[in-house]
Amino acid sequence: MNKRIKGFFLASMLIGTTVWGVLAVYYGDSRTGLAQTCVAAAFGLFGFAVLTGVLWFRWRIQWVTGHLVVFIGILVWWLGITPSNDRVWQKDVSQLPYATFDRDIVTVHNIRNFNYRTEFDYQPAYYDKSYDVSKLDGVDLFAFYWMGPAIAHTIISFNFGEQGHLAVSIETRKELNEEYSTIKGFFRQYELIYVAADERDVIRLRSNYRKNTPEAGYLYRIKGSQKDGQRLFLDYLKKINELHEKPRFYNSLLDNCTTAIWVRSSVTTEHLPFSWKILLSGYLPEYLYESKLLEQQLPLSELQRQAYINRLAQAADQATDFSERIRLIHTPRQ
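Below: a short report on this structure. (Residues numbered from 1 in each chain as written. Predicted model: local features only at pLDDT ≥ 70, side-chain atom pairs only at ≥ 80, totals over all residues. Heavy atoms only, no water.)

Here we look at the overall build of the protein
Okay, step 1: When its secondary structure is counted, the protein shows 11 helices and 10 strands.
Okay, step 2: Here the C-alpha coordinates of the protein stretch approximately 80 × 45 × 40 Å along the principal axes.
Okay, step 3: Counting only residues that meet the buried cut, the protein has 47% of its 334 residues in that class.
Okay, step 4: Relative to all contacts within the protein whose residues are 6 or more apart in sequence, the contacts with residues 24 or more apart total 66%.
Okay, step 5: Looking at the protein as shown, the accessible area adds up to about 17,700 Å², and 58% of this sits on carbon and sulfur atoms.
Okay, step 6: If you average the places of the 38 positive and of the 34 negative side-chain charges in the protein, the two averages end up 8 Å apart. (Helix = DSSP H or I, 4+ residues; strand = E, 2+ residues; numbered from the N terminus. Buried < 20%, exposed > 50% of the residue type's maximum accessible area, 1.4 Å probe, protein only. Contact = heavy atoms within 4.5 Å. Areas by Shrake-Rupley, 256 points an atom, 1.4 Å probe, with all protein chains shown as cover. Lys, Arg positive; Asp, Glu negative; His and termini not counted. Charge placed at Lys NZ, Arg CZ, Asp CG, Glu CD.)

Okay, structure coming up:
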């Protein structure tokens, strides 16, 4: 390997470890304080100095070794940051759902059903409900877009026929006054929550009440066997109970609203190979269509047109049959 290639890899390593280390220290354990800011700035300056010395002044390897020792110390400290269920949470994620079992009957506790006046003005409400797993009639995918075609928030909803729908939205569990940041999501800043919700809550919030950044919602029926749907539902409940007992961190890349759906679907016989269209979540419906897990009688463009639900959701708003109304376009023609 010639000196130019060695220099390129060494410079890339120094830049990568410096940037990661600065961000890890700066964000720290949930809050950024003055001490963290100073340490992050010091490590950034040290990394820049080592990089400059290596590239232009032929500093010896001892400087690089020193940089790596400090970086490893930061990494060990960062890996020691632990998640918690005991923080001052925002109201919309203050209650963790959990499930109890009695043979085929599952009772889901703390199903969220807020009554919204605006996105941030709402009346909190939760309820418990029992579902007969043997009555599971289908699984739907919602995709909400707000920043172009590549990024979407995806939500799975389980259809129990006359027993209704249960939606599960995989989200960050934010503390009071905490804002969401994709970058922060890489650095153990948010706990993970599976929000079990009435569709009048979690779907209507996005289709009807998100105004600052409006979201376009689409509803797709996933093709698959009833057994696979039951396996997926029970695996979701298993994860919900795990998070109730032992918190975990959200990760913007590895454990987000879409990659987690892919992981959960590993219990089904139709589990798909991993694809970049899972990382770029807005393309998940396209990937499902290509994999023949969505309706194939229509071209994808027409299926997407029919899947758009915002007008139906806004018309239904607080109606008790909200779930049925947003599915009118999906009712088979007689």
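On we go from here.
Focus: the nonpolar core
Okay, step 1: With 41 residues, the main nonpolar core has Val108, Phe158, Ile170, Tyr194, Phe233 and Tyr236 as its most contacted residues.
Okay, step 2: The biggest single contributor to this core is helix H5 (residues 226–245), with 6 residues.
Okay, step 3: The residues touching Phe158, leaving out its near neighbours within four places in the chain, are Leu136, Gly138, Val139, Gly164, His165, Leu166, Val168, Gly229, Leu232, Phe233 and Tyr236.
Okay, step 4: Core analysis: the next-biggest nonpolar cluster, separate from the first, contains 18 residues, Trp89, Phe142, Val202 and Ile309 among them. (Core = buried A, V, L, I, M, F, W, Y, C linked by side-chain atoms within 4.5 Å.)

Quick word on the environment of Val202
Okay, step 1: By the element assignment, Val202 lies in helix H4 (residues 199–209).
Okay, step 2: Residue class for Val202 comes out buried when judged on its relative accessible area of 1%.
Okay, step 3: Sequence separation between Val202 and Ala11 is 191 residues, and the spatial gap between their C-alpha atoms is 46 Å.

Some thoughts on the packing of helix H2 (residues 34–56) against helix H3 (residues 61–79)
Two packed helices can be described by the angle between their axes and the distance between those axes.
Okay, step 1: The interhelical angle for the contact between H2 and H3, taken along N-to-C directions, is 155°, at an axis separation of 10 Å. With respect to H3, the element H2 is oriented roughly antiparallel. Pair H2 / H3 crosses with left-handed handedness. Along its contact with H2, which presents Phe43, Phe46, Gly47, Val50 and Val54, the element H3 presents Trp63, Val64, Gly66, His67, Val70, Phe71 and Ile74.
Okay, step 2: The residue inventory of the contact of H2 with H3, partitioned by class, reads 9 nonpolar, 3 polar and no charged. (Axes fitted to C-alpha atoms, helices over the stretch in contact; angles between N-to-C directions. Parallel < 35°, antiparallel > 145°, perpendicular 65-115°, else oblique. Left-handed = near helix turned anticlockwise from the far one by under 90°. Nonpolar A, V, L, I, M, F, W, Y, C, P; charged D, E, K, R; others polar.)

Digging into H3
Within an α-helix, residues lying three or four positions from one another point in the same direction, as the helix has 3.6 residues per turn.
Okay, step 1: With 19 residues, H3 extends 27 Å between its outermost C-alpha atoms, agreeing within 8% with the 27 Å of an ideal straight helix rising 1.5 Å per residue.
Okay, step 2: Buried within H3 are the following residues: Val64, His67, Phe71, Ile74 and Trp78. Burial along H3 is one-sided: seen end-on, the buried residues are contained in an arc of 85°. For H3, exposure combined with an orientation more than 90 degrees from the buried face picks out Ile61, Val69 and Val76. (Expected span 1.5 Å × (residues − 1). Arc of directions from axis to C-beta.)

Here's the deal with H5
Okay, step 1: Under the 1.5 Å per step criterion, the end-to-end length of H5 is 29 Å for 20 residues, consistent within 8% with the ideal 28 Å.
Okay, step 2: When H5 is considered as a whole, its buried residues turn out to be Asp228, Gly229, Gln230, Leu232, Phe233, Asp235, Tyr236, Leu237, Lys239, Ile240 and Leu243.

Comments concerning the packing of aromatic side chains
Okay, step 1: Applying the stated criterion across every chain yields a total of 22 aromatic pairs.
Okay, step 2: With centroids separated by 5.0 Å and ring planes inclined at 80°, the aromatic side chains of Trp20 and Trp78 adopt a geometry described as edge-to-face. Of this pair, Trp20 sits in helix H1 (residues 3–27) while Trp78 sits in helix H3; the two residues are 58 residues apart in sequence, bridging distant segments of the chain.
Okay, step 3: We classify Trp20 as partly exposed; its relative accessible area is 23%.
Okay, step 4: Judged by its relative accessible area of 11%, Trp78 is buried.
Okay, step 5: Ring geometry for Tyr145 versus Tyr218: centroids 5.7 Å apart, planes at 85°, classification edge-to-face. With a gap of 73 residues between them, Tyr145 in strand E6 (residues 138–145) and Tyr218 in strand E10 (residues 216–222) connect regions that are remote in the sequence.
Okay, step 6: Across from the ring centre of Phe114, 5.2 Å away, lies the NZ or CZ of Arg112, which sits over that ring.
Okay, step 7: Positioned over the ring face of Trp78 is Arg188, at 4.7 Å from the centre of the ring. (Phe/Tyr/Trp six-rings, centres within 6.5 Å; stacked < 30°, edge-to-face > 60°. Lys NZ or Arg CZ within 6 Å of the ring centre and 35° of its normal.)

Digging into the pattern of salt bridges
Okay, step 1: This model, assessed by the stated rule, comprises 19 salt bridges.
Okay, step 2: When the shortest N-O distance is used, the salt bridge between Glu302 and Arg305 registers 2.7 Å. On the criterion of helical spacing, the pair formed by Glu302 and Arg305 is a turn pair, its members being 3 residues apart in helix H9 (residues 300–307).
Okay, step 3: Shared partners join several salt bridges into a network, and the residues in it are Glu119, Glu171, Arg206, Arg210 and Glu215. (Salt bridge = Lys/Arg side-chain N within 4 Å of Asp/Glu carboxyl O.)

Quick look at the side chain of Arg173
Okay, step 1: Along the polypeptide, Arg173 turns up in strand E8 (residues 165–173).
Okay, step 2: No salt bridge forms around the buried Arg173; measuring N to O, its nearest opposite-charge neighbour Glu191 is 7.1 Å away.
Okay, step 3: At a separation of 3.0 Å, a polar atom in the side chain of Arg173 contacts the main-chain carbonyl oxygen of Ser94.
Okay, step 4: Excluding its chain neighbours within four sequence positions, the residues that come into contact with Arg173 are Asn85, Trp89, Val93, Ser94, Gln95, Leu96, Glu191 and Ile193. (Polar contact = N/O pair within 3.5 Å; in protein donor to acceptor, adjacent residues only side chain to side chain.)

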